[in-house]
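Structural overview for review
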Amino acid sequence: MTTTTTATNNTATAVAQAPAASADPLVIDGVELTSRLITGTGGITSLSVLEEALLASGTELTTVAMRRYSKQAGDSLFRLLERNGIRILPNTAGCYTARDALLTAELGREALQTNWVKLEVIADEDTLLPDAVELIDATERLVDQGFSVFAYTTDDPVVAARLEDAGAAAVMPLGAPIGTGLGILNPHNIELICARAQVPIILDAGIGTASDAAIAMELGCDAVLLASAVTRAQDPVTMARAMRAAVQAGRLAAQAGRIPARRHALASSPTAGLIDPVDGGDIPRGDWPQAGQQ
Amino acid sequence: MDTTQEGPPVPTLTVNGAAHPLVDGASLLDLVAATIDRPLTADGTPEDGGRLGVAVALDSAVVPRSRWQDTRLAEGQTVEIITAMQGG
């Protein structure tokens with residue numbers, strides 16, 4: 001009956017630990033977020049579908065662009081996020097220079113009454129890749145002005161470190177260019193960035209499907225920010241649910257500690273106590289090269 | 001504004017990229033309240049008690065909402081009235 005007792009104990013332990021497992025908040029700038037999925041809002045035409053998708057994603061933080069007030073749209077997006085209790089992260093999307101980004105950040109702070117800003121300084125319209133020089137300059141200046149800067153950057157570990165040194169509250173390397181859905185092009189770099197960082201690392205841009213988000217978390221990212229993968233999916237609400245589950249799964253897997261990858265199979269069943277082969281003889285061994293041999 | 005009419009030129013501002021008639025003595029508060037069609041108190045908050053997701057830049061400098069009432073508009077100025085939109 002020993003096994004039964006152990007199984008019961010394990011179940012009891014698992015139940016006791018369940019609340020602790022969910023209490024794994026993401027802390028940014030002293031604020032605790034339960035969800036590690038941060039969402040964008042671009043790429044969807046229907047505000048009601050966007051709202052449903054945001055709720056399905058479980059997100060607690062959502063980024064918005066700052067644009068001219070129009071009679072047609074009014075402040076409907078602001079109201080949508082407010083009534084659902086979703087914290088708003090204004091961004092500087094569309095800015096090509098530190099100077100433009102600073103003015104947009106100030107407008108976001110004034111309009112939305114938050115010091116948080118997702119800083120995007122883009123080099124050109126075709127690649128939408130971050131301009132590292134302008135980005136570091138803008139980060140330093142915004143930090144001086146009391147902003148909590150979420151810096152959207154390339155997957156260059158050295159630039160990520162520079163942004164942290166400049167005082168960024170979070171560093172957000174891209175997996176792939178915005179809107180491409182190519183996933184994580186350089187997982188080695190993302191892992192390096194995460195391993196060194198003292199501030200939260202948020203994988204931003206490039207996510208195409210749920211497995212990409214899970215991989216980002218497994219590589220050590222603290223959160224994932226995505227927009228198009230949900231908003232441009234054929235079924236945004238279902239994809240939002242998938243992303244929510246993927247981020248949770250990836251986080252758990254990262255904490256659980258994966259098994260090392262091996263070259264050859266490793267039986268999970270014991271070899272001791274195996275019955276003799278009916279036809280006699282030894283267990284067949286393949287003639288496969290060992291690691292380092294070819 | 002009807003620019004085809006004869007008569008002295010009407011003083012204008014540029015508001016969100018478009019020409020806009022300047023009402024004599026108008027404050028930034030008046031302009032914002034008219035643009036968003038929502039009455040505002042003297043400190044720039046909505047009279048309905050809700051929150052205001054709007055910011056203003058006057059000639060490329062942000063003007064805090066607490067200063068909108070005391071900011072008189074002048075001919076030729078450029079005003080940007082900004083809010084949260086989908087993107088990023």
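Parameters and conventions
Residues numbered from 1 in each chain as written. Chains lettered and ligands numbered in written order. Predicted model: local features only at pLDDT ≥ 70, side-chain atom pairs only at ≥ 80, totals over all residues. Contact = placed C-beta atoms within 7 Å. Helix = DSSP H or I, 4+ residues; strand = E, 2+ residues; numbered from the N terminus. Nonpolar A, V, L, I, M, F, W, Y, C, P; charged D, E, K, R; others polar. Pairing = 2+ DSSP bridges. Axes fitted to C-alpha atoms, helices over the stretch in contact; angles between N-to-C directions.

The next subject is the interface of chain B and chain A. How large an interface is tends to be reported as the accessible area lost when its parts come together. Taken together, the contacts link 22 residues of chain B with 28 residues of chain A. Counting only elements with at least two residues in the side of chain B that touches chain A, the list comes to helix H1 (28-36), strand S3 (54-58) and strand S5 (78-85) of chain B. No other element matches the six residues that S5 of chain B contributes to the side of chain B that touches chain A. Partitioned by chemical class, the residues of the side of chain B that touches chain A number 10 nonpolar, nine polar and three charged. Where strand S4 (residues 61-68) of chain A and S5 of chain B come together, four bridges link them in antiparallel fashion.

All names here are of chain A. Read from one edge of the open sheet, three strands run S6-S7-S8, paired in parallel fashion. The strands lining the two open edges of the sheet, one partner per strand, are strand S6 (116-119) and strand S8 (170-173). Across the sheet, the mean angle separating the axes of adjacent strands is 15° when strand polarity is ignored. Bridge count for S6 against strand S7 (residues 148-153) is four bridges, and the pairing is parallel. In the sheet register, Leu119 faces S7, and the bridge partner there is Ala151. Against the sheet, helix H5 (residues 132-144) makes contact with S6 and S7, and its axis sits at roughly 175° relative to S7, the strand it touches most.

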